[in-house]
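The lines below spell out each chain.
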Amino acid sequence: MQAKSGIVSRSVSSVSSFRSGSFFAKLLAILSMAVTVVLVDSVNAEAEAANPKYAGIVVDARTGNVLYSENADRLQYPASLTKMMTLYMTFEALEQGRIRLDTPVPFSAHAAAQAPTKLGVRAGGTITVEQGILGLVTLSANDAATALGEMLGGSEDRFAQMMTAKAHALGMTRTTYRNANGLPNTAQMTTARDQARLGIALRQHFPQYYGYFSTRAFKFGTRTIRSHNRLVGSVRGVDGIKTGYTRAAGFNLVSSVQVDGKSIVSVVLGGTSGPARDAQMRNLIATYLPKASSRGGSSQLIAQAAPAPAMIETPAPVQPQKAAQVARQAVPQQQVAPQQVAKTITAAQPPISAAAADLGLPRKGPLPDARYQVAETEVAYTETSATKSDNPLVAQAMPAPTKVKITSFKQQAPAAAPAEPDSATVDHVTTASTSAAPASAAPAGWVVQVGVSPSRQMAMDLLEGAKTKGGKALASAKPFAVAYGRGNDQVYRARFGGFDDQRDAVNACKALKKAGIKCWAAAQ
């Protein structure tokens, strides 16, 4: 009996030893694979950082502080990161009640003809707004992006102009859009810093819709469409946002991460491959998330931009010989000399510092001038020798502008030397008396902008209503409208001027916000 027991005991011991050995073998194999992945990611990340097309930035989404930056202000192609702005405009229209998630989105022949990737909807077909959103965040569907743009803007060209205006209003000063999907266009440019701002704005302005960016798959007809974003679900805390690729742009990625009260938005542009781009992003997250703040940042870092105008049908182009007549008609009961109509001037745009000034965020260096040059054509921005802040929410310091410089970006590298403007570009100022005037007639000092309107009268009506609600803070403010753009694309910025310093302008803006009016303050 004891012999049998010994045999059984030895047998059990042998089986236990075998199972134990198998377990350790599997554990060693798993650890080996993990080490291999880490080593590969490390090699890919180092190679990616040495890539001449590479640009990257990591921003603490709670404080706005830049934790890492490399070539963050260099002009590059956004590729499908463009769809982030298309989605911003879509979310804004949903929030304003202009469309619903079940609103049908028609597909024109132009939308249906877009290059892959795409949903493949035929011309004349429709999808819902929600299907369009899901198609953009997962498949990066070019046809759905174009269809949404045409529905919201009346045409894709008009929508691209609205996208660019919105980008500038959000402080994305070096971004220009030419289509809704990011397919190649040499004039469509952005920077890593601008994309970080857009990523933060999407999450802060539309928390009710931001969850779409974490979608890993959705059902479209009989197809199951899976997300291109490999980091969602595989890297702890990553909740979106968007991938992008064209041959000229390289592999792009914007990632949002929220872990243990810390939050960052990280951008990689110009990657050499999808795996290399993803490896660099993992490396940035692992390195800089621990350095992010877990305190403060309860308010929105990116100031709310003025709502986009409702869909406007673009009228037929004006013949060149009628341009002066059209410009004169734009000023009721006022004769304008041709040289005044054609004169191009500089004006203040919504600066990056608008939110930072309003929230009292920490700054590095002196208060920036917050001025820069504007033109509705393709804009080429040149670097200045002025000191720059590491905070993307603080405007870049620039000298007082003297000329607007533009370029056509005809098959040339980003940040090409700008050309002189043509005489058709118009950007003039209208005061409360609706008289046209040169830039010097605009109130000096700080201004507060409350919106953008398609006509001068609508801008002045907006200002009149805002002044009533602003109370004492706007008692001595001077309302005026700034015409921006040219021809059929001209819009009017509704502004209050006459503030002697930043504090007065910021206080006026706070009073307007309490009354439910969105605004931002800037140096004129």
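Here the structure is shown first, and the text comes after it.
A. Molecular detail of the pairing of strand E9 (residues 262–271). Within E9, nine of the ten residues are buried, which leaves the element mostly enclosed by the surrounding structure. Strand direction decides the pairing type here: strand E8 (residues 250–259) and E9, joined by eight bridges, are antiparallel. Each residue of the ladder has a partner; that of Val257, found in E9, is Ile264. Linking E8 to E9, which pair antiparallel, is a turn of two residues; within it Asp260 sits at a positive phi near 50°.

B. Structural context of the state of the cysteines. The tally for this structure, following the rule as stated, stands at one disulfide. Bridging Cys509 to Cys519, the disulfide has an S-S length of 2.1 Å. Here Cys509 and Cys519 share a disulfide; its torsion about the S-S bond, 115°, makes the bridge right-handed. Here Cys509, found in helix H14 (residues 502–514), pairs with Cys519, found in the loop between H14 and strand E15 (520–523); they are ten residues apart in sequence, far enough to count as distant. Residues Cys509 and Cys519 agree in their burial class; the two are buried.

C. Structural detail: the packing of aromatic side chains. Under the criterion given, the structure shown has eight aromatic pairs. Between Phe218 and Phe220, the aromatic rings sit 6.3 Å apart at their centres with planes inclined by 55°, giving tilted as the arrangement. Taken as a pair, Phe218 and Phe220 share a single burial class, namely buried. An aromatic cluster is present here, built from Tyr88, Phe91, Phe206, Tyr209, Tyr210 and Phe213 joined pairwise through their rings.

D. A look at the environment of Pro104. You can see Pro104 is positioned in strand E3 (residues 104–106). Overall, Pro104 belongs to the exposed group, its relative accessible area being 53%. Residue contacts for Pro104: discarding those within four places in its chain leaves Thr126, Ile127 and Met151.

E. How the structure looks around the environment of Ala113. Relative to the helices and strands, Ala113 is located in the loop between helix H3 (109–112) and strand E4 (126–128). Here the alpha-carbon distance between Ala113 and Asp143, two residues 30 residues apart in the chain, equals 7.2 Å.

F. Fine view of the pairing of strand E12 (residues 446–453). Judged by how many residues are buried, E12 sits mostly within the fold: seven of eight residues are covered. Strand direction decides the pairing type here: E12 and strand E14 (residues 491–499), joined by six bridges, are antiparallel. Residue pairing for E14: Val452 is matched across the bridge by Arg493.

G. Molecular detail of the pattern of salt bridges. In the structure shown here, the tally under the stated rule is five salt bridges. A salt bridge links Arg193 to Asp73, with the shortest nitrogen-to-oxygen separation between them at 2.7 Å. On the criterion of sequence distance, the pair formed by Arg193 in helix H7 (residues 192–205) and Asp73 in the loop between strand E2 (66–70) and helix H2 (82–95) is long-range, its members being 120 residues apart. Relative accessible area serves as the criterion here: at 15%, Asp73 is assigned to the buried category. In this structure, Asp102 engages Arg100 in a salt bridge whose closest nitrogen and oxygen atoms are separated by 2.9 Å.

H. Just the nonpolar core, in detail. Counting residues in each nonpolar core, the largest one holds 66 residues, and the members touching the most others are Met85, Phe91, Leu119, Leu170 and Leu198. Element by element, the count of residues in this core is highest for H2, at eight residues. The residues contacting Met85, other than those within four sequence positions of it, are Met163, Lys166, Ala167, Leu170, Met172, Tyr177 and Leu198. Leu474, Phe496, Ala505 and Ala521 belong to the second largest nonpolar core, which has 23 residues in total.

Cut-offs applied
- Every chain is numbered independently, its residues counted from 1 as its sequence is written.
- Restriction of local features to residues with pLDDT of at least 70 applies here, the model being predicted, together with a cutoff of 80 or more for giving and counting side-chain atom pairs; totals for whole chains, interfaces and linings are based on all residues.
- Excluding hydrogens and water, the side-chain values take into account all heavy atoms of the structure.
- Only protein chains enter the calculation, and the probe is 1.4 Å; a residue is then buried if its accessible area is under 20% of its type maximum, exposed if over 50%, and partly exposed in between.
- Here a helix means four or more residues in a row that DSSP labels H or I, a strand means two or more in a row labelled E, and each is numbered from the N terminus.
- Two strands qualify as a pair provided that DSSP identifies no fewer than 2 bridges between them.
- Count a disulfide wherever a pair of cysteine sulfur atoms falls within 2.5 Å.
- In this scheme Phe, Tyr and Trp rings, the latter by its six-membered ring, pair at centre separations within 6.5 Å, and the angle between planes marks the pair as stacked below 30 degrees, edge-to-face above 60, and tilted otherwise.
- Only heavy atoms matter for contacts: two residues are in contact if any of them lie within 4.5 Å across the pair.
- What makes a salt bridge here is a side-chain nitrogen of Lys or Arg within 4 Å of a carboxyl oxygen of Asp or Glu, nothing more.
- Nonpolar cores are built from buried Ala, Val, Leu, Ile, Met, Phe, Trp, Tyr and Cys residues. Side-chain atoms within 4.5 Å join them into one set.

Fair warning: the whole summary comes from geometry, so function is off the table for now.
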